Amino acid sequence: GREALAPGALVLRGFARNQAEGLVAEIDAICARAPFRHMLTPGGQRMSAAMTNCGPLGWVSDRRGYRYQAVDPDSGKPWPPMPGAFLRLAADAAAEAGFAGFVPDACLINRYEPGARMSLHQDRDERDLSAPIVSVSLGLPAIFLFGGPNRSDRAERVLLLHGDVVVWGGPSRLRFHGILPVKEGAHALLGRQRINLTFRKTA
Ligand code: MD3
Ligand code: FE
């Protein structure tokens, strides 16, 4: 099913569910080359979600700030390439939401174990904010916080389940958002983890 969450934000319930095994196999191959790691915020805090990337550019955070870069700072090598199945899924979902021709150049992969969270933030490190972000949720459920254009705006809660895909564009693109601490549990395919892919056009 499709649910309009807000202007520019479309939830495609279960859109990736029948591809999940293949996506997980691709994620395993990516993290064999670019392992998940806990990045530091510019303030020096260890993020509770572990991250890696694939595609021409990857999102990194350290004491110097946030940025996209072609090289994995842990290996000194380029990020693994974006699998074809990732590109097709992102483009198909974006097209459903009216964004034809979406070609992401970065895919940030977030891994949440029970207790991990992501505090309210905006995604504004991308050059072209007219392109949407496509997110794919796999594994354990999570409660997504969807705020407004200001950090202090009240946030609504949206449950994101295995296989759900969300396209965030237009007026939703700069809204504050986050993830509440993931509850303890075990998913049939992924065990004690939630994995989220975010496809971005950064350059
Ligand atoms: C709404 N990730 O990686 S995905 C992130 O579940 C991030 O890992 C969360 O926020 C996660 O930056 C949420 C949903 C999402 C992603 C990007 C957005 C929602 C968004 C950008 C703008 C508005
Ligand atoms: Fe975000």
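Residues numbered from 1 in each chain as written. Chains lettered and ligands numbered in written order. Predicted model: local features only at pLDDT ≥ 70, side-chain atom pairs only at ≥ 80, totals over all residues.

Taking an unreviewed UniProt entry as the reference, the protein chain is identified by name as DNA oxidative demethylase AlkB belonging to Aromatoleum evansii. According to UniProt, the comment filed for the protein chain under the heading Cofactor (unreviewed entry) is "Fe(2+)". (UniProt positions renumbered as here; feature names shortened; annotations may be inferred.)

Draft legend 1. Spotlight on the site of ligand 1. Within the structure, ligand 1 sits among 15 residues, and Asn-110, Asp-123, Ser-135, Trp-168 and Asn-196 are positioned closest to it. Looking at the shell around ligand 1, the elements with two or more residues in it are β6 (106–112), β8 (133–139), β11 (165–168), β12 (177–179) and β13 (194–200). Split by residue class, the shell around ligand 1 holds 6 nonpolar, 6 polar and 3 charged. (Near = placed C-beta within 6 Å. Helix = DSSP H or I, 4+ residues; strand = E, 2+ residues; numbered from the N terminus. Nonpolar A, V, L, I, M, F, W, Y, C, P; charged D, E, K, R; others polar.)

Draft legend 2. Up close: the UniProt feature "domain: Fe2OG dioxygenase" (unreviewed entry) in the protein chain. Here, UniProt's "domain: Fe2OG dioxygenase" (unreviewed entry) annotation points to residues 103–203. Helix and strand shares over residues 103–203 are 0% and 42% respectively, and the end C-alpha atoms of the span are 11 Å apart.

Draft legend 3. A look at helix α1 (residues 20–33). Its 14 residues give α1 an end-to-end C-alpha distance of 20 Å, which sits within 8% of 20 Å, the value for a rise of 1.5 Å per residue. Regarding α1, the residues found buried are Ala-20, Leu-23, Glu-26, Ile-27 and Ile-30. Down the axis of α1, the buried set is contained in an arc of 120°. They therefore lie on one face. For α1, exposure combined with an orientation more than 90 degrees from the buried face picks out Glu-21, Ala-25, Asp-28, Ala-29 and Ala-32. Considering only its buried residues, α1 is in contact with β3 (50–54), α2 (84–96), β6, β8 and β13. (Expected span 1.5 Å × (residues − 1). Buried ≥ 20, exposed ≤ 12 C-beta atoms within 10 Å, placed from the backbone. Arc of directions from axis to C-beta. Contact = placed C-beta atoms within 7 Å.)

Draft legend 4. Expanded view of the pairing of β11. Neither face of β11 is exposed, since Val-165 and Val-167 on one face and Val-166 and Trp-168 on the opposite face are all buried. Pairing analysis gives 4 bridges linking strand β2 (residues 9–12) to β11, with the strands arranged antiparallel. Within the sheet, the bridge partner assigned to Ala-9 lies in β11 and is Trp-168. Sheet analysis places β8 next to β11, joined by 4 bridges and oriented antiparallel. What sits directly across from Ser-135, in β11, is Val-166. (Pairing = 2+ DSSP bridges.)

Draft legend 5. Molecular detail of the sheet that holds β8. If you walk across this open sheet you meet the 7 strands as β1-β2-β11-β8-β13-β6-β3, and the pairing is antiparallel. Looking at strand neighbours, the two that pair on one side only are β1 (2–6) and β3, the edges of this open sheet. Each strand of the sheet is rotated relative to its neighbour by a mean of 20°, with strand direction disregarded. On the sheet, α2 packs against β2, β6, β8, β11 and β13 and is oriented at approximately 120° with respect to β8. (Axes fitted to C-alpha atoms, helices over the stretch in contact; angles between N-to-C directions.)

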